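Architecture and fold: a report
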Amino acid sequence: MAEHDSLTGLGNRSWFLNHAERRLNDQKRTGETSLTLFLIDLDNFKVVNDTSGHPAGDELLRQVAERFREISEGKVSLARFGGDEFAALGRFTSDQAAADFADELVTTARRPFRIGSRDFAIGATVGYTRRQNASDSVDDLMRKADIALYRAKESGRGRAIAFEQQMEREVRERRLLEADLREAFEFQKLSIEFQPIVEARSGKVASSEVLVRWDHPTRGEIPPDVFIPIAEHAGLILPLGDWVLERACSVAATVPELNSVAVNLSPVQFLEPNLVDNIASILERTGFPAERLVLEITESVFLKDVGSATDKLQQLRDLGIKISLDDFGTGYSSLSYLRQHRFDKIKIDKSFVAEIGERSDGLAIISAVIALAHNLGLEVTAEGVERQFQVDALRTLGCDMMQGYYFGRPDPNPMQITNISKEDWEERSPSTAPRNPNLRSVS
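Residues numbered from 1 in each chain as written. Predicted model: local features only at pLDDT ≥ 70, side-chain atom pairs only at ≥ 80, totals over all residues. Heavy atoms only, no water.

1. Remarks on the overall build of the protein
- Secondary structure assignment for the protein yields 18 helices and 16 strands.
- The principal-axis extent of the C-alpha atoms belonging to the protein is close to 75 × 55 × 50 Å.
- Of all intrachain contacts in the protein linking residues separated by at least 6 positions in sequence, the fraction that spans at least 24 positions is 67%.
- When the accessible area of the protein is evaluated, it comes to approximately 20900 Å², of which 47% is carbon and sulfur surface.
- Seen as two clouds, the 54 positive and the 69 negative side-chain charges of the protein have centres 3 Å apart. (Helix = DSSP H or I, 4+ residues; strand = E, 2+ residues; numbered from the N terminus. Contact = heavy atoms within 4.5 Å. Areas by Shrake-Rupley, 256 points an atom, 1.4 Å probe, with all protein chains shown as cover. Lys, Arg positive; Asp, Glu negative; His and termini not counted. Charge placed at Lys NZ, Arg CZ, Asp CG, Glu CD.)

2. Some points on the sheet that holds strand E6 (residues 124–130)
- In spatial order, the strands read E2-E3-E1-E6-E7; together these five strands make up an open sheet with mixed pairing. Each end of this open sheet is capped by a strand with a single partner; those strands are strand E2 (76–82) and strand E7 (160–162). Neighbour-to-neighbour, the strand axes of this sheet turn through a mean angle of 20 degrees, independent of strand direction.
- Pairing analysis gives six bridges linking E2 to strand E3 (residues 85–91), with the strands arranged antiparallel. Looking across to E3, one finds that Val-76 is bridged to Gly-90.
- Against the sheet, helix H3 (residues 54–72) engages strand E1 (35–42), E2 and E3, with an angle of about 160 degrees to E2. (Pairing = 2+ DSSP bridges. Axes fitted to C-alpha atoms, helices over the stretch in contact; angles between N-to-C directions.)

3. Section: the packing of aromatic side chains
- Scanning the model with the defined rule gives eight aromatic pairs in all.
- Both rings, one in Phe-92 and one in Phe-101, keep their centres 5.6 Å apart while their planes meet at 35 degrees; by these two values the pair is tilted. Phe-101 matches Phe-92 in its accessibility class, with the two residues each being buried.
- Between Trp-214 and Phe-227 the ring centres are 5.7 Å apart and the planes differ by 90 degrees, which places this aromatic pair in the edge-to-face class. (Phe/Tyr/Trp six-rings, centres within 6.5 Å; stacked < 30°, edge-to-face > 60°. Buried < 20%, exposed > 50% of the residue type's maximum accessible area, 1.4 Å probe, protein only.)

4. Observations concerning unusual backbone geometry
- One non-glycine residue, Gln-188, lies in positive phi territory at about 55 degrees.
- On the secondary structure map, Gln-188 appears in the loop between helix H6 (165–186) and strand E8 (190–199).
- Relative accessible area serves as the criterion here: at 65%, Gln-188 is assigned to the exposed category.
- Its identity is not glycine, yet Asp-327 carries a phi of approximately 55 degrees, on the positive side.
- As for its placement among the helices and strands, Asp-327 is situated in strand E13 (residues 322–328).

5. A word on the environment of Pro-112
- With respect to the element layout, Pro-112 can be found in the loop between helix H4 (95–110) and strand E4 (113–115).
- When the C-alpha atoms of Pro-112 and Ile-237 are compared, they prove to be 34 Å apart, with 125 residues separating the residues in sequence.
- Sequence-distant contacts of Pro-112, defined by excluding residues within four places in its chain, comprise Arg-67, Asp-119 and Phe-120.

6. Details of the pairing of strand E14 (residues 345–348)
- A two-sided burial pattern is seen for E14, the buried positions comprising Lys-345 and Lys-347 on one face and Ile-346 and Ile-348 on the other.
- Note that E13 and E14 share three bridges and pair parallel. Bridged to Ser-324 within E14 is Lys-345.
- Across four bridges, the pairing between E14 and strand E15 (residues 379–383) is parallel. Along E15, the bridge assignment pairs Lys-345 with Glu-379.

7. Quick word on the pairing of E3
- Here E3 lies mainly inside the structure; five of its seven residues are buried.
- The sheet contact formed by E1 and E3 spans seven bridges and is antiparallel. Counterpart to Leu-35 in the pairing with E3 is Arg-91.

8. Notes on the environment of Lys-189
- Secondary-structure assignment places Lys-189 in the loop between H6 and E8.
- Placed 104 residues apart in sequence, Lys-189 and Leu-293 show a C-alpha to C-alpha distance of 25 Å.
- Not counting residues within four places of it along the chain, the set of residues in contact with Lys-189 comprises Glu-183 and Ala-184.
- Looking at Lys-189, its side chain comes within polar contact range of the side chain of Glu-183, at 3.4 Å. (Polar contact = N/O pair within 3.5 Å; in protein donor to acceptor, adjacent residues only side chain to side chain.)

Without other data, these values stay purely geometric and don't point to any function.
Okay, here's the thing in structure tokens:
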């Protein structure tokens, strides 16, 4: 009982580590280096618990364990570490054999599970490592498999990734950046900038998106898509997100010319139980009208917080805050989210804007998105606008708002972006290239 998981009948963490130690000692005596350790996390397991309760979650874990047993017999020893975490250990004579088994784990978890009268699709993410050095201990194998698992999750989940030596260097680098980020936040070395969002027809700056900046003393400017995930992983995103929102509201309150200000909301922030109260307190402290605040969220918040997402969004809208669905068209189930939740705006991802004039299907997608949004009463913003012919195309297709370097780079002072003239836009845009001759359908 002390060595096995009562729910699934598999070995537990304590048994697994002792078993791995014995297997490793056996290989050390024979000189083999074929031992491979797999760490497995189930994807979207929380969704089952949230929507159907813990008994359904327990039944799912039993079914997962049984499937893993079926494909593992004669190959590996299995264990459940707790929650939705599993592990496996076996002898594989080649990298390909280990990769094939890891892919088999992912594939078998991808098939729907029947619980009661419902089917659940979850999936699994796997990180694994083969013993490569004679000096490797069980702790070394666990650490390397965990690093590979983290990389697999970071890459989008639902896949298996093997440990590579460069990953360890990247982990050390990430830890150094994390320490520097903590220091930068503590000593107020981060800043915010405002990027103009203009009305498509008039060209008037009506809104702006708030962007957080980190100018590292030795590395230079570090982009948000690098340090925001680090902040999320390190537990810094909640205080950082509150600081960005409060700073943005305080500054924007002095610029009534801006109809609204858009601030990105991290999925980790969205999970915070006190999210709505925190935002209400910030608005009260800064005196910024809720009606002028736009919160931008991505589809990933619904994957992580199915149970309370609708309630939170409604509470925010009850305050008067507008909600924008960011990076529209790049996720998994955008159309179903538009049916299930109430939004005020959607933003067309810059990847589609970049294809204007290069791919005809890009224009077709943008046109369809705009028509869909307008039929649902939603305002559409296109981001990543950098060329005149993109502006012309988006205007022709009926886009409401546009954002991008064509209209100016982000500026710490929002008053500056409200005073940008057309001449300034042309000077500050990356290029004033002539109209693209391939853009026949909208020229």
